[in-house]
Amino acid sequence: GAPEAVAAVRRAGGRVIVVTGKHTENARRTVEVLGLEVDEVVGSLFGAEKGTALARFGAAAYVGDHVADIAAARAGGATSVGVATGTSTAAELRAHGADVVLSDLTEFAAWFETW
């Protein structure tokens, strides 16, 4: 669902920023191998630390699959979109206050287009 998610953001005139706990260069290589056209990649941040990057780019929404990603969205002033395909379940994401919980990333484009 990542290519479709990126396309939905692009159709709306938005920018796509990858903010991850992975090392920046590894994340850039992964994005490149996947063929995803993103505007920025910021790595080596975890949890609420990601909020600084999200705020710097003016992120409106942050998508993640871990409860710490909810803290990141909150710290950056973004809507938290939890995707229950990682180590955190949908129930855990909701319990930690996710604004939106999707069962997987293929649901993102439809959600985003109505947001």
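Here goes a summary of the coordinates provided. (Residues numbered from 1 in each chain as written. Predicted model: local features only at pLDDT ≥ 70, side-chain atom pairs only at ≥ 80, totals over all residues. Heavy atoms only, no water.)

1. Remarks on the packing of helix α3 (residues 50-57) against helix α4 (residues 67-76)
- Following both chains from N to C, one finds α3 and α4 inclined at 45°, their axes separated by 7 Å at the closest point. Classified by the angle their axes make, α3 and α4 are oblique. The interaxial crossing formed by α3 with α4 has right-handed handedness. Facing Lys50, Gly51, Leu54 and Ala55 of α3, the residues of α4 in contact are Asp69, Ala72, Ala73, Ala75 and Gly76.
- When the residues that make up the contact of α3 with α4 are grouped by side-chain class, the tally is 5 nonpolar, 2 polar and 2 charged. (Axes fitted to C-alpha atoms, helices over the stretch in contact; angles between N-to-C directions. Helix = DSSP H or I, 4+ residues; strand = E, 2+ residues; numbered from the N terminus. Parallel < 35°, antiparallel > 145°, perpendicular 65-115°, else oblique. Left-handed = near helix turned anticlockwise from the far one by under 90°. Contact = heavy atoms within 4.5 Å. Nonpolar A, V, L, I, M, F, W, Y, C, P; charged D, E, K, R; others polar.)

2. Observations regarding the sheet that holds strand β4 (residues 79-83)
- Here 3 strands make up an open sheet; going across it, the order is β3-β4-β5 and the pairing parallel. Pairing within the sheet leaves two strands with one partner each, and these edge strands are β3 (61-64) and β5 (100-102). Neighbour-to-neighbour, the strand axes of the sheet open up by a mean angle of 20°, direction not taken into account.
- Strand direction decides the pairing type here: β3 and β4, joined by 4 bridges, are parallel. Note that in β4 the partner of Val63 across the bridge is Val81. (Pairing = 2+ DSSP bridges.)

3. Here we look at the side chain of Thr20
- Assignment of secondary structure puts Thr20 in the loop between β1 (17-19) and α2 (24-34).
- Look at Thr20 and you get buried, because its relative accessible area is 13%.
- Within the structure, Thr20 has its side chain in polar contact with the backbone nitrogen of Lys22 (distance 3.1 Å). (Buried < 20%, exposed > 50% of the residue type's maximum accessible area, 1.4 Å probe, protein only. Polar contact = N/O pair within 3.5 Å; in protein donor to acceptor, adjacent residues only side chain to side chain.)

4. Here's the deal with α3
- Taken together, the buried positions of α3 are occupied by Lys50, Gly51, Ala53 and Leu54. Buried residues along α3 cover an arc of 160° about the axis, so they all sit on one side. Along α3, exposed side chains directed more than 90 degrees from the buried face belong to Thr52 and Arg56.
- Those residues of α3 hidden inside the fold are in contact with β1, β2 (40-42), β3 and α4.
- Backbone geometry just downstream of α3 places Gly58 in the positive-phi region, at approximately 65°. (Arc of directions from axis to C-beta.)

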